[in-house]
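Each chain is listed here by its residues.
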Amino acid sequence: MDKSVSESITDIMKRQVDAFKHAKKPTQKPHEEQKRAKKRKRTEKKLRPAEVELKSSRFRWLNELLYTSDSKSSFQYFKDNEGCFQDYHDGFKNQVKKWPKNPVDIFITELKKEKYSSKVIADLGCGEGNLELEIKKHDPNREIYSYDIGKINEHVIQADIAHLPLEDNSVDIAIFSLSLMSTNFLDHLLEANRILKVDGLLFVAEVSSRLEINKFVSLLHKFGFKKKKVGQIKTFFYVMTFQSFKANKKKVKKVLKETNPDDYLTPCKYKKR
Ligand SMILES: C[S@@+](CC[C@H](N)C(=O)[O-])C[C@H]1O[C@@H](n2cnc3c(N)ncnc32)[C@H](O)[C@@H]1O
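Residues numbered from 1 in each chain as written. Predicted model: local features only at pLDDT ≥ 70, side-chain atom pairs only at ≥ 80, totals over all residues.

### Describing the overall build of the chain
For step 1, the next point in the chain: Regarding its fold elements, the chain presents 10 helices and 7 strands.
For step 2, the next point in the chain: Among the 273 residues that make up the chain, the fraction classed as buried is 28%.
For step 3, the next point in the chain: Relative to all contacts within the chain whose residues are 6 or more apart in sequence, the contacts with residues 24 or more apart total 69%. (Helix = DSSP H or I, 4+ residues; strand = E, 2+ residues; numbered from the N terminus. Buried ≥ 20, exposed ≤ 12 C-beta atoms within 10 Å, placed from the backbone. Contact = placed C-beta atoms within 7 Å.)

Put into structure tokens, the structure is as follows:
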């Protein structure tokens, strides 16, 4: 081989070996990137607009208010401070984005089924009332009533679910989707049992960390709800179905007197980001 050609090939190889030696080791790269990402996050946090911070702390405050007050006081608060309910639900929607699945979607999918088409449904603590909207998109003739302490959509009926404007035994299916929030939630169970027909269904979704499942199921039995099905969404939520029966009124009154609601559902608090 021509000497000048072989020399230039040697030079090229040497350059490549040098370049390889001086290149950053691949194991160093992610570490550097991690450091840069952490720094970026710190800077973003510092620069996060005050408005966003204020909104999320406002949500946490309102959420805590709902979990630590009786329904009469919460109802009055949201009546006197109408805009707050929208703030609460903006914050709630942000929380939902972080969940593996929104429990209310499980109820929506179930209730769209043909077998429920003639059933009267009451969504108790409906929030924005999406359950009614979604099911009616699928079948506009369904009879659904959506109740909440606050009203941010036209179809929502503003009411405290401890005192519903519904006749006794008038509903086939009642739903508490993350809405057993008030300190007097036992009154909500009582009210659900009043409006439900015998053998009606009660759907309940709750944050798993709020309850001990066997204790909760036995409490519901005392209020006239027999367990049909209990499932979980990962470790986040319990999704339960009960069948109603008419519990002895005297016994229920006694249970109501003797039961400390905090022993069955603890308030759910969202972490500060
Ligand atoms: C966490 S949000 C869930 C909303 C909706 N059920 C869902 O799953 O998307 C709970 C809702 O229950 C309502 N709520 C809590 N206690 C209530 C009460 N005593 N009467 C009426 N609504 C109530 C709150 O105002 C809130 O809109």
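Next comes the rest of the account.
### Some remarks on the sheet that holds strand β1 (residues 120-124)
For step 1, the next point in the chain: Spatially, β3-β2-β1-β4-β5-β7-β6 is the arrangement adopted by the 7 strands of the open sheet, whose pairing is mixed. Either end of the sheet is taken by a strand with one partner, and the two such strands are β3 (156-158) and β6 (225-233). The sheet shows a mean angle of 20° between the axes of neighbouring strands, direction not considered.
For step 2, the next point in the chain: Alignment of strand β5 (residues 196-207) against strand β7 (residues 237-244), held across 7 bridges, turns out to be antiparallel. When the bridges of β7 are listed, Glu206 appears paired with Tyr238.
For step 3, the next point in the chain: Contacting β1, β4 (171-177), β5, β6 and β7, helix α6 (residues 103-111) crosses the sheet at an angle of about 160° to β4. (Pairing = 2+ DSSP bridges. Axes fitted to C-alpha atoms, helices over the stretch in contact; angles between N-to-C directions.)

### Some thoughts on the environment of Met240
For step 1, the next point in the chain: In this fold, Met240 is placed in strand β7.
For step 2, the next point in the chain: Spatially, the C-alpha atoms of Met240 and Ala205 are 6.2 Å apart, while their sequence positions differ by 35 residues.
For step 3, the next point in the chain: In contact with Met240, other than residues within four places in its own chain, are Val204, Lys229 and Val230.

### Considering the nonpolar core
For step 1, the next point in the chain: Counting residues in hydrophobic clusters, the biggest one holds 53 residues, and the most contacted among them are Ala122, Leu124, Ala174, Ile175, Ile195 and Leu202.
For step 2, the next point in the chain: Looking at which element gives the most residues to this core, the answer is β5, with 6 residues. (Core = buried A, V, L, I, M, F, W, Y, C linked by C-beta atoms within 7 Å.)

### Here's the deal with the packing of helix α3 (residues 50-68) against helix α5 (residues 82-96)
For step 1, the next point in the chain: The N-to-C vectors of α3 and α5 enclose an angle of 105°; their axes lie 8 Å apart at closest approach. Taken as axis vectors, α3 and α5 run roughly perpendicular relative to one another. Along the contact surface, α3 presents Lys55, Ser56, Arg58, Phe59, Leu62 and Asn63, while α5 presents Cys84, Asp87, Tyr88, Asp90 and Gly91.
For step 2, the next point in the chain: Residues of the contact of α3 with α5, tallied by class, amount to 4 nonpolar, 3 polar and 4 charged. (Parallel < 35°, antiparallel > 145°, perpendicular 65-115°, else oblique. Nonpolar A, V, L, I, M, F, W, Y, C, P; charged D, E, K, R; others polar.)

### Quick notes on unusual backbone geometry
For step 1, the next point in the chain: Residue Asp199 is not a glycine yet carries a positive backbone phi of 70°.
For step 2, the next point in the chain: Within the fold, Asp199 resides in strand β5.
For step 3, the next point in the chain: Overall, the presence of 10 C-beta atoms within 10 Å leaves Asp199 in the exposed class.
For step 4, the next point in the chain: Phi at Lys234 takes a positive value of approximately 45°, unusual for a residue other than glycine.
For step 5, the next point in the chain: Take Lys234: it is sitting in the loop between β6 and β7.
For step 6, the next point in the chain: Accessibility expressed as a C-beta count within 10 Å gives 9 for Lys234, which makes it exposed.

### A few points about the packing of α6 against helix α7 (residues 130-138)
For step 1, the next point in the chain: It is the contact of α6 with α7, at a shortest axis distance of 10 Å, that shows an interaxial angle of 30°. Between α6 and α7, the crossing angle belongs to the class labelled roughly parallel. Both α6 and α7 take part in a crossing whose hand is right-handed. Across the interface between the two elements, Val104, Phe107, Ile108 and Leu111 from α6 touch Asn130, Leu131, Glu134 and Ile135 from α7. (Left-handed = near helix turned anticlockwise from the far one by under 90°.)

### A word on helix α9 (residues 213-222)
Helical periodicity: at 3.6 residues per turn, an α-helix aligns residues three or four positions apart in one direction.
For step 1, the next point in the chain: Along α9, the positions that sit buried rather than exposed are Phe216, Leu219 and Leu220. Along the axis of α9, the buried residues cluster in a sector spanning 100°; they form a single face. Every exposed residue of α9 that faces more than 90 degrees away from the buried side is listed here: Asn214, Lys215 and Ser218.
For step 2, the next point in the chain: Residues of α9 that are buried sit in contact with α8 (185-195), β6 and β7.
For step 3, the next point in the chain: Gly224, located one to two residues past α9, shows a positive phi value of around 95°. (Arc of directions from axis to C-beta.)

### Overview of the pairing of strand β2 (residues 143-148)
For step 1, the next point in the chain: Across the 6 residues that make up β2, a large majority, 5, are buried.
For step 2, the next point in the chain: As judged from the 5 bridges shared by β1 and β2, these two strands associate in the parallel manner. For Val120, the partnering residue across the bridge sits in β2 and is Glu143.
For step 3, the next point in the chain: Between the parallel elements β1 and β2, the chain passes through α7 in a crossover that is right-handed. (Right-handed = clockwise from strand over helix to strand, strands pointing away.)

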